[in-house]
Amino acid sequence: MKTIAKILGGFIGLIIILLFIVCERDRPVEELIPLYANKDSKFMPIMGMKVHYRDEGVATDTLPLILLHGMSSSLNTWDSVVIDLKQHRRVISLDLPGFGLTGPSPEMAYNFPYYSKFIDSFATRLKIKRFILAGNSLGGAISWNYALHNPSRLAKMILIDAAGYPKKGESGSLGFKLASTPVINNLLLYATPKALVRKSLETVYYDPARVTDEQVERFHDVAIREGNREAALMIFKGSFKGNPESIKEVKTPTLILWGDKDNLIGVNNVDNFLKDIKGSKAEIYKNVGHVPMEEVPGKVAASILSFVQ
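Computed from a predicted structure; not experimentally measured.

Asker: With reference to specific residues and values, describe the overall build of the chain.
Answerer: When helices and strands are tallied, the chain shows 13 helices and eight strands. Buried positions account for 53% of the 309 residues belonging to the chain. Of the contacts formed within the chain by residues at least 6 apart in sequence, a portion of 74% connects residues at least 24 apart. Total accessible area computed for the chain in this model is approximately 14400 Å², and 60% of it derives from carbon and sulfur atoms.

Put into structure tokens, the structure is as follows:
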């Protein structure tokens, strides 16, 4: 019995040591702002948050572009596209509630009605009456849901590898799989290994060699920003309840952009969107994954400008 007790004690001790190694404290936003905000960054007090955003380009543009990132991402996903877009248009990118430097919603309400209310409030504070909304992945789903309930404010919409339909055999990323696995996903509140972040990013890209140490560091840092892990966990546990059938009700002129090698949301979804959103059109990029705006930013910027000009 003494031997068994020693073995169990040693095993428990090993687990405690491993937890100390992999567990990380949440990082206060004050530590992250000097690292990831730049000269164009602004912070808007709204709905109990200080929303991180950038308002760039042609200030006199009366029909600006508002860009929404995807799950576990930030406004930085648009950086390379904005370089081209801002030469011709007013372009506004932001960290959505629950992500990036903006951080968690005080309401802890991560669902389509909440984000529609947020977008309305955000645009109103900027005195924008109508705008063009572009969204990638989860940001795409938030976009088409906004189009359903606030069509008068949307002139056009761009969906980039957008969520909305049930998955059909996509391999997905390791990080997303773990985050969607009951019990195990609770551990991600305390442990977010950089190796897991890297592996997830490599799945998102068609060419995993393009993932840089700088990207891994940034994604990891904003993931462990105070409150962001709890927000992400709520979303992965199913806080969003969308109805794919309602996509048929979207009337906003829509451009659909997609990477043909997307492992998270398959290119077969393009046909679904084209069928359901009457009058929409699509472009598919060859040998591109889930984030075309990062992988082929020049092509994405050209596609967007051709559609909105």
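Asker: Can you lay out the pattern of salt bridges for me, pointing to particular residues and giving the numbers?
Answerer: The final tally for this structure, using the stated rule, is 16 salt bridges. Residue Asp61 is joined to Arg89 by a salt bridge in which the shortest nitrogen-to-oxygen separation is 2.9 Å. A residue pair is termed long-range when its members are at least 10 positions apart, and Asp61 in the loop between β2 (49-57) and β3 (65-68) and Arg89 in the loop between α3 (79-85) and β4 (90-94) qualify at 28 residues. You can call Asp61 buried: its relative accessible area is 13%. A relative accessible area of 7% places Arg89 in the buried class. A salt bridge links Asp213 to Arg198, with the shortest nitrogen-to-oxygen separation between them at 2.3 Å. Taken together, the residues Asp213 in helix α9 (residues 213-223) and Arg198 in helix α8 (residues 194-204) connect sequence positions 15 residues apart. Judged by relative accessible area, Asp213 falls into the exposed class, the value being 57%. Using a relative accessible area of 25% as the deciding quantity, one classes Arg198 as partly exposed. In this structure, a network of salt bridges that share partners links the residues Arg25, Arg27, Glu31 and Asp221.

Asker: So what about helix α5 (residues 138-149)? Which residues, and what values?
Answerer: Here α5 is 12 residues long and its end C-alpha atoms lie 17 Å apart, about the 16 Å a rise of 1.5 Å per residue gives. The element α5 is largely enclosed, with a buried count of 11 among its 12 residues. Among the residues of α5, Leu138, Gly139, Gly140, Ala141, Ile142, Ser143, Trp144, Asn145, Tyr146, Ala147 and Leu148 are the ones counted as buried.

Asker: Please give an account of the packing of aromatic side chains that cites residues and values.
Answerer: On inspection of all chains with the given rule, the structure shows nine aromatic pairs. With 5.5 Å between their ring centres and 85° between their planes, Tyr53 and Phe122 make a pair best called edge-to-face. Residue Tyr53 is found in strand β2, and its partner Phe122 is found in helix α4 (residues 112-125); the two are separated by 69 residues along the sequence. Phe122 shares its class with Tyr53; the two are buried. Ring geometry for Phe118 versus Phe122: centroids 5.9 Å apart, planes at 25°, classification stacked. Residue Phe118 and its partner Phe122 are located together in helix α4, separated by four residues, close to a single helical turn. Three or more aromatic residues link up through ring pairs in this structure, and these residues are Phe112, Tyr114, Tyr115, Trp144 and Phe240. Sitting above the plane of the Phe307 ring, Lys156 keeps its charged end 4.9 Å from the centroid.

Asker: Break down the pairing of strand β7 (residues 254-259) for me, citing the residues and quoting the values.
Answerer: Burial analysis of β7 places six of its six residues in the buried class, which makes it a mostly covered element. The alternating pattern of β7 places Thr254, Ile256 and Trp258 on one face and Leu255, Leu257 and Gly259 on the opposite face, and all of these are buried. Where strand β6 (residues 154-160) lies against β7, four bridges are found, and the strand directions are parallel. Within β7, the residue paired with Met157 across the bridge is Thr254. Where β7 lies against strand β8 (residues 281-285), five bridges are found, and the strand directions are parallel. Residue pairing across strands places Trp258 opposite Ile284, the latter belonging to β8.

Asker: An account of the confidence of the model for the chain is requested, with residue identities and associated values reported.
Answerer: Put simply, the chain has an average pLDDT of 88, and 85% of its residues get 70 or more. Here residues 8-21 is a poorly scored stretch, pLDDT under 50, and it has zero contacts once near neighbours within four places are set aside; other chains count.

Conventions we followed
Residue indices follow the written sequence of each chain, beginning from 1 at its first position. For this predicted model, a pLDDT threshold of at least 70 governs which residues receive local features, and a threshold of 80 or more governs which side-chain atom pairs are given and counted, while totals over whole chains, interfaces and linings are taken from all residues. The side-chain figures draw on all heavy atoms in the structure; neither hydrogens nor water molecules are used. A run of H or I in DSSP becomes a helix once it reaches four residues, and a run of E becomes a strand once it reaches two; helices and strands are each numbered from the N terminus. Buried means the residue's accessible area, taken with a 1.4 Å probe over protein chains only, is under 20% of the maximum for its type, while exposed means over 50%, and partly exposed covers the values in between. Here, residues are in contact when the closest pair of their heavy atoms is within 4.5 Å. Per-residue accessibility takes into account occlusion by the displayed protein chains alone, with areas from the Shrake-Rupley method and a 1.4 Å probe. Here, a salt bridge means any Lys or Arg side-chain nitrogen found within 4 Å of an Asp or Glu carboxyl oxygen. How far a helix is expected to stretch is found by multiplying one less than its residue total by 1.5 Å. Under the pairing criterion, centres of Phe, Tyr and Trp rings, with the six-membered ring standing for Trp, must be within 6.5 Å; the plane angle then separates stacked pairs below 30 degrees from edge-to-face pairs above 60, leaving the rest tilted. By definition, being over a ring means that NZ of Lys or CZ of Arg is both within 6 Å of the ring centre and within 35 degrees of the ring normal. Note on pairing: two strands pair once DSSP finds at least 2 bridges between them. The predictor attaches a confidence to each residue, and that confidence, scored 0 to 100, is pLDDT.

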